[in-house]
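Now for the letters of each chain:
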Amino acid sequence: MLSPDLSCAITDHPDLPLFNSEQVTVDVLRLDKMHEVISGNKWFKLKYYLEQAKQQQKDHIITFGGAWSNHIIATAAAGHLLGLRTTGIIRGERPSRYSTTLEKASELGMQFVFLNREEYKEKKLPAGLPGKNDYIIPEGGYGPPGATGAADIVNVFSSRNYTHIVCAVGTGTTMAGLINACPMQQVTGISVLKNNFELEKNISSLLDRGQHNFKLLHDHHFGGYAKHTPALLQFMNDFYAQTGIPSDFVYTGKLFFAVTSLIRGKYFPPHSKILVIHSGGLQGNTSLDKGTLIF
Ligand SMILES: *Cc1c(COP(=O)(O)O)cnc(C)c1O
């Protein structure tokens, strides 16, 4: 059905002196290279929802997110590709000017409903929604079909080459899929949320076999979801200069920062072979002032 180019999801091998001195190898799975809009993990998380919508002959997808959401733009793009109408239920009042994310999603045919923060918390749909041809995808694609899709990420790398897999965590759907698909690897998640200890439970409830071989780390959020500090932005620029790998300040910048500080702190035993999932999301950087990032 949907066809982002899986062959573009190559593995990079950044070779920083730190990795050598700590005797670990690090590969980065570049899911950000798969598709210009539906980047990273979002296509994987969406695909079984969309398949189900098609099977049930629904023609209208409704989903939820913020004004800079990678999930919103990915859903708009996927709907556009598949000929499904899309509506984004957006957190916050209608802005006088759309974010670049909403502008693009709108160009891709997405309609918006803006809810204030209270209404959004309750995921209150406007009267008349959902209609009988409407299909609702939960916020961030969280749910069993999302995790099943995320497990398919394993098809674009050889898991047996690795001892550890590290990913950024928002809803935990991607991480749950990876844990299900990689029983022999230790999966470590870097939460980008501040003190969201519900995540462990949310992830566990998507696991096939009640596994416990995962670690979720809560100390790398830089102040909370979508918050950033000068140190984070500096790190992202330095990391790009050293490796050629761009990152976003909401997810993957925090992920790469965490991976390097975990390696420095000897979190991974010597000879660990670490795969870091670059889950995309670069479009979110357009919310930063021009010139903040060197890429
Ligand atoms: C959405 C997103 C995540 C979080 O994925 P979850 O499955 O919600 O945990 C991680 N990285 C990027 C770039 C994302 O856009």
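Residues numbered from 1 in each chain as written. Predicted model: local features only at pLDDT ≥ 70, side-chain atom pairs only at ≥ 80, totals over all residues. Heavy atoms only, no water.

**Observations regarding the overall build of the protein**
- Assigned secondary structure in the protein consists of ten helices and ten strands.
- In terms of overall dimensions, the protein is globule-like: its C-alpha atoms have a radius of gyration of 19 Å, near the 19 Å expected for 295 residues.
- When the backbone C-alpha atoms are referred to their principal axes, the protein occupies close to 60 × 45 × 35 Å.
- Buried residues in the protein amount to 55% of all 295 residues.
- Residue pairs in contact within the protein that sit at least 24 positions apart in sequence constitute 73% of those at least 6 positions apart.
- Carbon together with sulfur atoms contributes 50% to the accessible area of the protein, which is approximately 13300 Å² in total.
- Distance between charge centres in the protein, computed from 28 positive and 25 negative side chains, equals 2 Å. (Helix = DSSP H or I, 4+ residues; strand = E, 2+ residues; numbered from the N terminus. Rg over C-alpha atoms; globule rule 2.2 N^0.38 Å. Buried < 20%, exposed > 50% of the residue type's maximum accessible area, 1.4 Å probe, protein only. Contact = heavy atoms within 4.5 Å. Areas by Shrake-Rupley, 256 points an atom, 1.4 Å probe, with all protein chains shown as cover. Lys, Arg positive; Asp, Glu negative; His and termini not counted. Charge placed at Lys NZ, Arg CZ, Asp CG, Glu CD.)

**So, the site of the ligand**
- Around the ligand, the surrounding shell holds 14 residues, and the nearest of these are Lys42, Asn70, Thr171, Thr174 and Ser279.
- A distance of 2.6 Å separates an oxygen atom of the ligand from a polar side-chain atom of lysine 42.
- In this structure, an oxygen atom belonging to the ligand sits 2.8 Å away from a main-chain N or O atom of glycine 170.
- If the ligand stood free it would expose 380 Å²; the protein chains cover 98% of that surface.
- When each cavity is represented as a set of grid points, the ligand is found to reside in the largest pocket.
- A total of three residues in the shell around the ligand trace back to one element, the largest contributor, which is helix 2 (residues 41-55). (Near = heavy atom within 4 Å. Polar contact = N/O pair within 3.5 Å; in protein donor to acceptor, adjacent residues only side chain to side chain. 1 Å grid on protein atoms, 1.4 Å probe; cavity = no way out; pocket = protein on both sides within 12 Å on 5 of 7 lines; lining within 4 Å. Sits in = over half its atoms within 2 Å of the grid points.)

**A word on the layout of surface pockets**
- Of the volumes computed, that of the largest pocket is approximately 1000 Å³.
- Around the largest pocket, the lining is made up of 48 residues, and of these Gly66, Arg91, Glu139, Tyr225 and Tyr251 lie nearest the centre.
- At the level of secondary structure, the elements contributing two or more residues to the lining of the largest pocket comprise helix 2, strand 3 (60-65), helix 3 (70-82), strand 4 (85-91), strand 7 (164-169), helix 7 (173-181) and helix 8 (198-204). (Points joined across faces, edges and corners; volume = space filled by probe spheres on them.)

**Side note on the packing of aromatic side chains**
- All chains considered together, the criterion is met by 13 aromatic pairs.
- Among the aromatic residues, those joined into a ring-pair cluster are Phe222, Phe235, Phe239, Phe256 and Phe257.
- Of note, lysine 42 hangs over the ring of tyrosine 251, and the distance from its end group to the ring centre comes to 5.5 Å.
- One residue, lysine 123, lies across the ring of phenylalanine 64, its end atom 6.0 Å from the ring centre. (Phe/Tyr/Trp six-rings, centres within 6.5 Å; stacked < 30°, edge-to-face > 60°. Lys NZ or Arg CZ within 6 Å of the ring centre and 35° of its normal.)

**Topic: the side chain of aspartate 27**
- Position of aspartate 27 among the secondary structure elements: in strand 2 (residues 25-30).
- In this structure aspartate 27 is buried but unpaired, with lysine 273 as the nearest side chain of opposite charge at 9.7 Å.
- A distance of 2.6 Å separates polar atoms of two side chains, one belonging to aspartate 27 and the other to histidine 13.
- Sequence-distant contacts of aspartate 27, that is, excluding residues within four places in its chain, are made with Thr11, Asp12, His13, Tyr162, Ile274, Leu275 and Val276. (Salt bridge = Lys/Arg side-chain N within 4 Å of Asp/Glu carboxyl O.)

**Looking at the pattern of salt bridges**
- Taken as a whole and judged by the stated rule, the model has eight salt bridges.
- Between lysine 266 and glutamate 22 there is a salt bridge, and its shortest N-O distance comes to 2.7 Å. Separated by 244 residues along the polypeptide, lysine 266 in the loop between helix 10 (252-264) and strand 10 (273-278) and glutamate 22 in the loop between helix 1 (17-21) and strand 2 bring together distant segments of the chain.
- Given a relative accessible area of 18%, glutamate 22 falls into the buried group.
- Overlapping salt bridges bring together Asp12, Arg30 and Asp32 as one network.

**Details of the pairing of strand 8 (residues 186-191)**
- Of all six residues making up strand 8, five are buried, and the element is well covered by its neighbours.
- You can see the chain leave strand 7, run along helix 7 and come back into strand 8, and the turn it takes is right-handed.
- The sheet contact formed by strand 8 and strand 9 (residues 214-217) spans four bridges and is parallel. If you follow isoleucine 190 over to strand 9, its bridge partner there is leucine 217.
- Between the parallel pair strand 8 and strand 9, the chain is carried across by helix 8, and the sense of this crossover is right-handed. (Right-handed = clockwise from strand over helix to strand, strands pointing away. Pairing = 2+ DSSP bridges.)

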